[in-house]
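# What the coordinates show
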Amino acid sequence: MDTLVSVGITGVGGYAPPGILTNHDLEKMVDTSDEWIRTRSGISNRHIADAATATSDIALPAARQALERAGLAAEELDMVVMATFTPDYLLPATACTIQHALGATRAGAFDLAAACTGFIYALNIVAPSIATGQFRNALVIGGDTLSKVTDYTDRGTCVLFGDGAGAAVLQPVPAGRGLLSSYLRADGGGCEMLYIPGGSTRKPATHETVDARDHFVKMSGNEVFRFAVRALEEAVLEALGRAGLTTADVDLIVPHQANIRIIDGAAKRLGIPEDRWVINLHEYGNTSGGSIPLALNEAYEQGRLHEGDVVVFVAFGGGLTWGASVLRW
Ligand code: UT7
């Protein structure tokens, strides 16, 4: 074990498509109001991809930015991981499309499916391979084009979701820095609380499944909400405990951007002051796999990340999955 090296994030990037869907636009599409959406979720805008844009297209600008900031050439990459549940195709992995477009000619590539917790899963599954020297580095991307699987006749979901991606380059860093701990959980018993019933092997696409709108996300919003507040609190405390830290040590916390009331609820339970939380859901809505790396990128661009800071990522989502990770920046 004494050959293990510390692994950290050496470059970040983010991208959201330019098209914007406002609450006022949604008022014309479903029975809702700007006031309801803002007070119940905190969201005002979402960025929406056009018809020609797929998930790899929004992942690529984020990936290129992260590589540039890390000072790493694509040909030097050993692994590309894409955390998404809205791949370009069911087959092959979107990570392969990204690997090819980047010119990462010496890299392996695979997708990881853990919905909104996907970026945290990917970081913590890949980092040990760098720590042991199996890979020299990895590019971890989280991103979803949720607008492609959102039912814009369902007001319970369509007001929440948007499109976006973020990326991080993982490399060895000086001892004591980088990833300190993780806590990753799942409960498949909650599968149908947040899922897409049709279009895969359980219910392959037919005219009937399309007519029934089964290829869109279905969600029991209320149940997910109750699970989310508990999951955020549990994951943050567990991951901090595993790093030998407490909530008082947290300099910055980047939560999954699902609903401001979920974040406020968790912040109160944890007693982590408001100014430590990175929040951008008012502008992007819930971008699932893109949520945490997109917010991380914004924090980086705003100069909110300082060397030595204790940074926490925490998420919950479909699966159900939830988890957290602690890093020293
Ligand atoms: O990545 C994880 C993804 N999922 C989540 O994080 C979702 C977690 N859940 C939530 O964010 C919230 O549960 C929602 C925002 C989805 C809903 O908020 P809520 O405060 O839990 O509302 P509710 O479901 O209890 O519904 C309250 C009322 C209902 O009307 P009635 O039955 O009281 O007459 C809904 O039909 O609000 C109605 N409603 C809406 N009204 C206007 C639901 N959606 C809308 C809407 N506009 N968009």
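Conventions we followed
Residues numbered from 1 in each chain as written. Predicted model: local features only at pLDDT ≥ 70, side-chain atom pairs only at ≥ 80, totals over all residues. Heavy atoms only, no water. Domains from an automatic or database assignment. Contact = heavy atoms within 4.5 Å. Buried area = accessible area lost by both parts, 1.4 Å probe. Salt bridge = Lys/Arg side-chain N within 4 Å of Asp/Glu carboxyl O. Polar contact = N/O pair within 3.5 Å; in protein donor to acceptor, adjacent residues only side chain to side chain. Helix = DSSP H or I, 4+ residues; strand = E, 2+ residues; numbered from the N terminus. Phe/Tyr/Trp six-rings, centres within 6.5 Å; stacked < 30°, edge-to-face > 60°. Pairing = 2+ DSSP bridges. Right-handed = clockwise from strand over helix to strand, strands pointing away. Disulfide = S-S within 2.5 Å. Buried < 20%, exposed > 50% of the residue type's maximum accessible area, 1.4 Å probe, protein only. Axes fitted to C-alpha atoms, helices over the stretch in contact; angles between N-to-C directions.

Next up on the list: the domain arrangement of the protein chain. With domains assigned, the protein chain is organised as domain 1 (6-175) and domain 2 (180-328). Relative placement of domain 1 and domain 2: their C-alpha centres are 14 Å apart. Counting residues at the interface gives 50 residues for domain 1 and 47 residues for domain 2. In this assembly, domain 1 packs against domain 2 so that about 3600 Å² is buried in total across both faces, 62% of it on carbon and sulfur atoms. In terms of surface lost to domain 2, no three residues of domain 1 exceed Cys116, Ile120 and Tyr121, which account for 17% of the buried area on that side. For the interface between domain 1 and domain 2, the tally reads two salt bridges. Counting across the interface, domain 1 meets domain 2 through 23 residue pairs in polar contact (both at pLDDT 80 or more). Of all the elements in the fold, those that place two or more residues in the side of domain 1 that touches domain 2 are strand 1 (6-15), helix 2 (34-41), strand 3 (45-47), helix 3 (55-70), helix 5 (118-131), strand 6 (138-145), helix 6 (155-158) and strand 7 (163-173). Here the side of domain 1 that touches domain 2 takes six residues from helix 5, the largest share from any one element.

Considering all chains together, one arrives at three aromatic pairs under this definition. A connected cluster of aromatic rings, assembled from ring pairs, spans Phe227, Phe316 and Trp322.

What follows deals with the pairing of strand 5 (residues 108-112). Sheet analysis places strand 4 (residues 79-83) next to strand 5, joined by five bridges and oriented parallel. Paired with Met82 across the two strands is Asp111, which belongs to strand 5. The β-α-β motif built from strand 4, the intervening helix 4 (residues 94-102) and the parallel element strand 5 has right-handed crossover chirality.

With that settled, consider the state of the cysteines. For the structure on display, the rule yields zero disulfides. The cysteine Cys191 is free of any disulfide, with Cys116 supplying the nearest cysteine sulfur at 14 Å. A residue is classified by how much of its surface remains accessible, and Cys191, at 36% relative accessible area, is partly exposed.

Across the sheet, four strands lie side by side as 8-13-12-11; this open sheet has mixed pairing. Each edge of the open sheet is held by one strand with a lone partner, namely strand 8 (178-186) and strand 11 (252-255). Geometrically, the sheet is characterised by an average inter-axis angle of 10° between neighbouring strands, direction not taken into account. Against the sheet, helix 5 contacts strand 8, strand 12 (310-317) and strand 13 (321-328), and its axis sits at roughly 120° relative to strand 8.

Residue placement: Ser41 occurs in helix 2. Accessibility expressed as a relative area gives 1% for Ser41, which makes it buried. Here Ile43 takes part through its backbone nitrogen, which lies 3.1 Å from a polar atom of the side chain of Ser41. Excluding residues within four positions of it along the chain, Ser41 makes contact with Trp36, Leu160, Asn259, Ile260 and Leu281.

Two faces belong to every sheet, and in a regular strand the side chains alternate between them. By the criterion of burial, strand 13 is predominantly enclosed, with seven of the eight residues buried. In terms of strand pairing, strand 12 meets strand 13 through eight bridges, oriented antiparallel. Considered in strand 13, the bridge of Val314 is made with Ala324. What sits between the antiparallel neighbours strand 12 and strand 13 is a turn of three residues, in which Gly319 has the positive phi angle 145°.

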